[in-house]
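Take a look at the letters that make up each chain.
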Amino acid sequence: MSILSDAGPAGPAPVDAVAAPARAGAVRRLLRNPVAVVALVWLVAVAVLALLAPLLTSQSPTASKITEALAPMGGDHPLGTDGVGRDVWAQLLYGARTSLIGSLIVVAVSLLLGLPAGVLAGYRRGRFDAVASWVANLLMALPAIIVLLVVLAQFGRSTALAMAVFGVIIAPGVFRLVRSSVIAVREELYVDAARVAGLSDARIMRRHVLPVVVPPTVIQVSQLLGIAIVIQAGLEFLGLGSANQASWGGMLSDAFQNIYAQPRLLLWPALAIVLTVTAFSLLGNALRDALGVSGRVPRVRRRQRTDAPPVVAAGGEVPAAPDVPDALLVLDGLRVAYPTPEGTEREVVHGVSLTVRRGEVLGLVGESGSGKSQTAFAVLGLLPPQARTSAARMTFDGTDLRGLSPAAMNRLRGRRIGYIPQEPMSNLDPSFTIGSQLTEPMRHHLGLSKDEARTRALQLLDRVGIPDPARVFASYPHQVSGGMAQRVLIAGAVSCDPDLLIADEPTTALDVTVQAEVLDLVRELQAERQMGVVLVTHDFGVVADVCDTVAVMRDGRIVESAPAERLFADPQHEYTRMLLGSTLEDTPARGALAGAGLHPEEIAPAPLTSGGPR
Amino acid sequence: MSAQPMSAESTSTVSAPLLTVDRLVVDYPVTGWRRPPVRVLKGISLEIGAGETLGLVGESGSGKTTLGRAILGLAPVTGGEIRLGGRVVSNLGRRERRALSRDVQVVFQDPYTSLNPAMTVGDILTEPLLVTGSSRSDAQRRVRELLDQVHLPADAVSRLPREFSGGQRQRIAIARALTRDPKLVVCDEPVSALDLSTQARVLDLFIEIQERTGVAYLFVTHDLSVVRHISHRVAVMYRGELVETGDAAAVTTAPDHPYTRRLLLAAPVPDPRRQAERRAERHRFAAAQAAG
Amino acid sequence: MLLFLLRRLGAGVALVWVIATLTFFLTSLTGSDPARRILGPTAGLDQVAAKSAELGLDRPVLERYWDWLTGALRGDLGTSWFTNEQIGGLIGDALPVSLSLVVAATVLTAAVSIVLGVVAAVRGGWLDGLLQGISTVAFAVPNFLVGLVLSLVFAVELGLFPALGYTAFTDDPGAWLASITLPAIALAIGAIATVATQTRGSMIDVLQQDYVRTLRSRGLPTRSVLLKHALRNAAPASLTVLSLQFIALISGAVVIEKVFGLNGLGERATSAAGQGDVPLVLGIVVVAVVVVVLVNLLVDVVLGWLNPKVRIA
């Protein structure tokens, strides 16, 4: 981190361009997408044809001449005539007007209603939100076409009116989208920070909220335009469009009457509708990509395996770790890499070697991004499917873990290798009782009956210090506290008497008093069952509490490995020393405020400490 | 580097505390029909002097974050009072509350969601200045000073938050809090999301800024060692109540209240031998507590 | 849970009442003179007045509303202005046709969507591409157009199904199935695209959850992780979307019925709307909203069963 030098005026950054650069970039990204360009070209062409309709045909789209019914293509009628002798080309052109105007009405009405109501409901919440949401739910319970039929029955056939009403019916879609994005932004800490910084509501809205609301709304508009065209065509097909107005849906209706005499009539309006709606939809997707709005789940390209691919043998490396007689887990030269979007690979674990003996607790310590969790998950075979893993050696109790089939790995996992996750609440399936989640692996691995598994689960729950095992057994995860859930997860990890336990930051999410109890539990269970343990953590206090040996990781490598006592007493590597030096436990307290403040009696000559040289 | 003008209060010895929280009660409504609200703060009283750091320690659900948010005007005050320099600031109208933003600022825990990802660092830092009528060139000059104060390079202004590490983002958040020379900064677990080595450096930055500008901190955290490092005084919260308040060294080494003792004994020491002793002591203490 | 359901039932009844009332006043307070519409432009003024009196349109609107509401509560929705037939009877004849169609389309949607969504999420590859293709097409091609094409190919050209008409299930189950197969497929395509996309998305979401990794760490077979745990957690989102699609299917059925010449509620509604037969339109709206409310209630029950947080409140 460099100190500011007087190196001339800071170049860029005109300040008022909040999201403008991002927006401009989005337009450029959109225009670089060939699909978007084709869609745009088509839509512009339709709009231009609709506008210039009187110049492009001299025929009236509504004048029927029975004598010229079903005329073929050519002559005065480039696309022929329909069942009552109206010119098809003219109908197509004027129908485009009807369709585009109708869809613009829908979008205008739904935005006019949905956008302000959504912003207000999401930002202010309270009573307005309650009322607006209720109205939205009411509108969403109505079948759109039935409502349109009522309106048309009452006010007579009018496409414009029907589209305006449809705009009202579809407005809840806009409302809900806007409301939920506003609520999401509102809960962001940066909006709180803006409020504390003294920004007015109007300014927060303009600077922080609207920029987040606009992209998804733009995408939704492009879809609404398509939906409006389809609904309008449906109404016209039913014969409920405005009288004496050319429309694509009306053309379809006429084609339907003459489907045996002249099936070709179906083609033109169908093509016009399908291509235009597709263009809107593709434009929407392209906008989504260009604006970088998440929401569309990425394409699943390859088979999404539930298991990580097997570890590959890394050839040519001489095992560096000495053979330990009672070794339970041996890793040698473990490498983990991920493919990058550029097609190369990024390695995150660069040849990790370690050994865990039966009954030994190994602490794997490092800061975020050091590769400690990746190493642990590699052993469990639980890395994401795109991970590439290789090792010169990787054995568990003599079994080579490399190239193990998913089925064989499943026989080890849960049965002989247990896993304790970090975050207790997110690691229990919310839809099943704790009891069923505890008994399922036992029944699967140990072949226990339902009753046997239940008895054993209750014993386990009791063992991990849960006061009322029967109640917790029947509970769902949301009914127990975080500390309790972590005990349940520990019970699950040891339920099949594993030989090795892998704990990934098992106490990081817990309060310190709960952490102490959970660490006590892990220590006791480990001693009781003589398990080997790999404990992944960033906290040297936790290491000091439970670990026999420690491996310090940094940037995917183990920089130092030693028995715990020795590592704390005499750290060898500079990085280890830096980490241990960063712990605040032994720094002196800052002391009372000198010279000023509330408590003159507390004025003390305590020096203001700062934790060592930076 | 220009010397920061010290705020008037910090140069003279003050008689009235900077911030007084007086029997503060905060209730949160519970969603659901006719459910009674939950009382999160049950009558909290504390004071912070100018230039002082009060460490507020507690576990999750103790109400420590809510207290910070109430002082910031982000949580509803049900009862009691918050006074800043003698003036009551609880339940102010929106406009008055905004005027208060000069004096009270915030640094949040999560450096990832506390900065708008779509705005450049320059925009984030000038925003509080521009809304109060600073000229653009003044604001930009001030931003350069601030970046210097938090030890970030000047070219940071044109970059987006995602280009920075967690520790650097927290420096940006600190700079934002300092833009208008506040008298009090509420720091809500500002180093909890950071790596160990980064944590120490950011804490030192907090101390350095306080020594230079005389700002006061309400430093909310769950970590006794952090609180000990940065606080002049410490207040311990448990289930919406303050159980102990006192000198930082005293509270963090020889606490009076059993809960504070429990908290202290539960925090593991990075030294196997001493940790074994502390563990044994914790077990003895727990047994004694259980015995009554 | 019971309390929750009672509340939802209450909300449903309120919804039906609000919609019926709004529709009643919308159709009573505005628009052209119904008697004139029925009799046509050539009728004399006294004839129009007599018709108005016959229909009771000369009475105050609140009185008519009260009569209609109390009648509706007893199941009497009045008579058609044009045919003088009982509206209950007109709807009763048409309802089985529409319900057959909509329910068949819903079942089809649910079945195909779950399979397609889960497989696309888990396997990816060409199946995933197929789903995205179907979504784009289903969005762009109006379902009546799909119906026309299906009818042309499978009914007219290949003669596998009847092109027009409906056979009651009680008359001939085989013919019933044949008569609704093509319409149900045409109707369901759009819903399948939406629900399957949702299922795929929520399956992918769920598979990335921590608890799925933990379940796998317990060595459970992939089948159990996917079909028992992941699908169970992905189901509520899909079901919610399906319940919204059900409403869209009712809309779509109106048009589809015309394509396949089915004399259902949609056909009734269309002709009633064209003529301006207000009591019949009103009756159809009420019946449609009641069906929606009942289905939503059923969905609430299933959602509650799926989600323990709702069930144990």
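The model shown is predicted, which means the values in this text are computed figures rather than measured ones.

**Regarding the overall build of chain A**
Check the secondary structure of chain A and you find 21 helices and 12 strands. In chain A, which comprises 614 residues, the proportion classed as buried is 54%. If you take every contact in chain A between residues at least 6 apart in sequence, the share linking residues at least 24 apart comes to 70%. Summed over all atoms, the accessible surface of chain A reaches about 25,700 Å², with 58% contributed by carbon and sulfur.

**Digging into the packing of aromatic side chains**
Enumeration according to the criterion identifies 12 aromatic pairs over all chains in this entry. Between A:Phe237 and C:Phe144, the ring centres sit 4.6 Å apart and the planes meet at 20 degrees, which makes this aromatic pair stacked. With A:Phe237 in helix α9 (residues 201-237) and C:Phe144 in helix α7 (residues 143-157), the pair connects residues from two separate chains. You'll find A:Phe237 and C:Phe144 in the same group, each marked buried. Following the ring pairs from residue to residue traces out a cluster consisting of C:Phe24, C:Phe25, C:Tyr65 and C:Trp68. Just above the ring of C:Trp305 sits the side chain of C:Arg232; from NZ or CZ to the centre is 5.1 Å. The ring of A:Phe237 has C:Lys258 lying over it, and the distance from NZ or CZ to the ring centre is 4.9 Å.

**Section: the interface of chain C and chain A**
At the junction of the two partners, chain C supplies 74 residues and chain A supplies 75 residues. For chain C, the biggest contributors to the area lost against chain A are C:Phe139, C:Arg216 and C:Arg218; these three give 11% of the whole. For the salt bridge of C:Lys228 with A:Glu440, the shortest nitrogen-to-oxygen distance reads 3.3 Å. Viewed at the interface, chain A and chain C are joined by 19 residue pairs in polar contact (both at pLDDT 80 or more). In terms of residue count, helix α10 (residues 222-259) of chain C provides more of the side of chain C that touches chain A than any other element does, 15 residues in total. Partitioning the side of chain C that touches chain A into residue classes produces 40 nonpolar, 21 polar and 13 charged.

**Considerations on a nonpolar patch on the surface**
All names here are of chain A. Taken together, Val44, Val48, Leu49, Leu51, Leu52, Leu55 and Leu56 make up a surface patch of nonpolar side chains, about 640 Å² in accessible area. Mapped by element, the contributors of at least two residues to the nonpolar patch are α2 (34-51) and α3 (53-56). Here the nonpolar patch takes 4 residues from α2, the largest share from any one element. Mapped onto the elements of the fold, Leu55 is located in helix α3.

**What about the UniProt feature "transmembrane region" (unreviewed entry) in chain C?**
Residues and elements named next belong to chain C. Feature annotation in UniProt assigns "transmembrane region" (unreviewed entry) to the following positions: residues 12-31, 99-122, 134-156, 176-196, 237-260 and 280-306. Across residues 99-122, helical content stands at 100% and strand content at 0%; the span's end C-alpha atoms are separated by 34 Å. Regarding residues 134-156, the helix share stands at 91% and the strand share at 0%, and the terminal C-alpha atoms are separated by 24 Å.

**As for the UniProt feature "domain: ABC transmembrane type-1" (unreviewed entry) in chain A**
Sequence positions flagged by UniProt for "domain: ABC transmembrane type-1" (unreviewed entry) are, in local numbering, residues 96-284 of chain A. For the annotated span residues 96-284 of chain A, helix accounts for 85% and strand for 0% of the residues, and the straight-line distance between the end C-alpha atoms is 20 Å.

**Structural notes on the UniProt feature "transmembrane region" (unreviewed entry) in chain A**
Residues and elements named next belong to chain A. The positions UniProt marks with the feature "transmembrane region" (unreviewed entry) are residues 35-56, 100-123, 135-155, 161-178, 209-231 and 266-287. For the annotated span residues 100-123, helix accounts for 100% and strand for 0% of the residues, and the straight-line distance between the end C-alpha atoms is 33 Å. The span residues 161-178 carries 100% helix and 0% strand; its end-to-end C-alpha distance comes to 25 Å.

**Let's talk about the UniProt feature "domain: ABC transmembrane type-1" (unreviewed entry) in chain C**
As recorded in UniProt, the sites labelled "domain: ABC transmembrane type-1" (unreviewed entry) are residues 95-303 of chain C. Overall, residues 95-303 of chain C shows 85% helix and 0% strand. The separation of its end C-alpha atoms is 27 Å.

**A look at the interface of chain A and chain B**
At the junction of the two partners, chain A supplies 72 residues and chain B supplies 87 residues. Between chain A and chain B the total buried area reaches about 7,100 Å² when both faces are included, carbon and sulfur atoms providing 57% of it. Its salt-bridge partner being B:Glu127, residue A:Arg207 comes within 2.8 Å of it at the nearest N-O pair. At the junction of chain A with chain B, the criterion picks out 24 residue pairs in polar contact (both at pLDDT 80 or more). At 8 residues, the largest contribution of residues to the side of chain A that touches chain B is made by helix α18 (residues 512-529) of chain A. Its residues assigned to classes, the side of chain A that touches chain B shows 33 nonpolar, 19 polar and 20 charged.

**Quick word on the environment of A:Leu579**
Note on placement: A:Leu579 falls in helix α21 (residues 574-582). Measuring from C-alpha to C-alpha, the distance between A:Leu579 and A:Gly366 comes to 8.8 Å, with 213 residues separating the pair along the chain. Dropping the residues within four chain positions of it, A:Leu579 is found in contact with A:Glu367, A:Phe540, A:Val552 and B:Leu196.

**Side note on the pattern of salt bridges**
By the definition in use, this model includes 45 salt bridges over all chains. The residue A:Arg463 makes a salt bridge to A:Glu528 at a minimum N-O spacing of 2.8 Å. Of this pair, A:Arg463 sits in helix α15 (residues 450-463) while A:Glu528 sits in helix α18; the two residues are 65 residues apart in sequence, bridging distant segments of the chain. Judged by relative accessible area, which is 26%, A:Arg463 ranks as partly exposed. Judged by its relative accessible area of 47%, A:Glu528 is partly exposed. Across the pair B:Arg212 and B:Glu208 runs a salt bridge whose closest N-O atoms are separated by 3.6 Å.

**Digging into the pairing of strand β9 (residues 233-238) of chain B**
Residues and elements named next belong to chain B. Counting buried positions along β9 yields 5 of 6 residues, so the element is predominantly enclosed. Pairing between strand β3 (residues 53-57) and β9: 4 bridges, direction parallel. Each bridged residue has a counterpart across the sheet, and for Leu56 the counterpart in β9 is Ala235. In the sheet, β9 pairs with strand β10 (residues 241-247) via 6 bridges, with the strands oriented antiparallel. The residue bridging Arg233 from the neighbouring strand is Asp247, located in β10. Hairpin geometry of β9 and β10 is characterised by an intervening segment of 2 residues between the two adjacent antiparallel strands and by a positive phi of about 50 degrees at Arg239.

What counts, and where the lines are drawn
- Starting afresh in each chain, residues are numbered from 1 along the sequence in its written order.
- Both sets of labels track the order of writing: A upward for chains, 1 upward for ligands.
- Residues qualify for local features only when their pLDDT is at least 70, as the model is predicted, and side-chain atom pairs are given and counted only at 80 or more; totals for whole chains, interfaces and linings, by contrast, use all residues.
- Hydrogen atoms and water are omitted, and side-chain values are computed over all heavy atoms in the structure.
- Segments assigned H or I by DSSP are reported as helices when at least four residues long, segments assigned E as strands when at least two residues long, and all are numbered from the N terminus.
- Each residue's exposure class comes from its accessible area (1.4 Å probe, protein chains only) as a fraction of the maximum for that residue type: buried when under 20%, exposed when over 50%, partly exposed otherwise.
- In what follows, residue pairs with any heavy atoms lying within 4.5 Å of each other are defined as contacts.
- Note on areas: Shrake-Rupley with a 1.4 Å probe; residue coverage comes only from the protein chains shown.
- For Phe, Tyr and Trp, where Trp contributes only its six-membered ring, two rings pair if their centres lie within 6.5 Å, and the inter-plane angle classes them as stacked under 30 degrees, edge-to-face over 60, or tilted in between.
- Should the NZ of a Lys or the CZ of an Arg lie within 6 Å of a ring centre and within 35 degrees of the ring normal, that charge is described as sitting over the ring.
- Simply put, the buried area is the total loss of 1.4 Å probe accessible area from both parts when two parts are fitted together.
- A side-chain nitrogen of Lys or Arg and a carboxyl oxygen of Asp or Glu constitute a salt bridge if their distance falls within 4 Å.
- Any pair of N or O atoms that falls within 3.5 Å is considered a polar contact. Within protein, one atom must be able to donate a hydrogen and the other to accept it, and sequence-neighbouring residues count only if both atoms are side-chain atoms.
- When residues are sorted by character, Ala, Val, Leu, Ile, Met, Phe, Trp, Tyr, Cys and Pro go into the nonpolar class, Asp, Glu, Lys and Arg into the charged class, and all the rest, Gly among them, into the polar class.
- Patch members must show over 30% relative accessible area and no salt bridge, and they are joined within 9 Å when carrying like charges or within 5 Å when they are nonpolar side chains of Val, Leu, Ile, Met, Phe, Trp or Tyr.
- UniProt positions are given in the numbering used here, feature names are shortened, and annotations may be inferred rather than shown by experiment.
- Paired strands are those between which DSSP finds at least two bridges.

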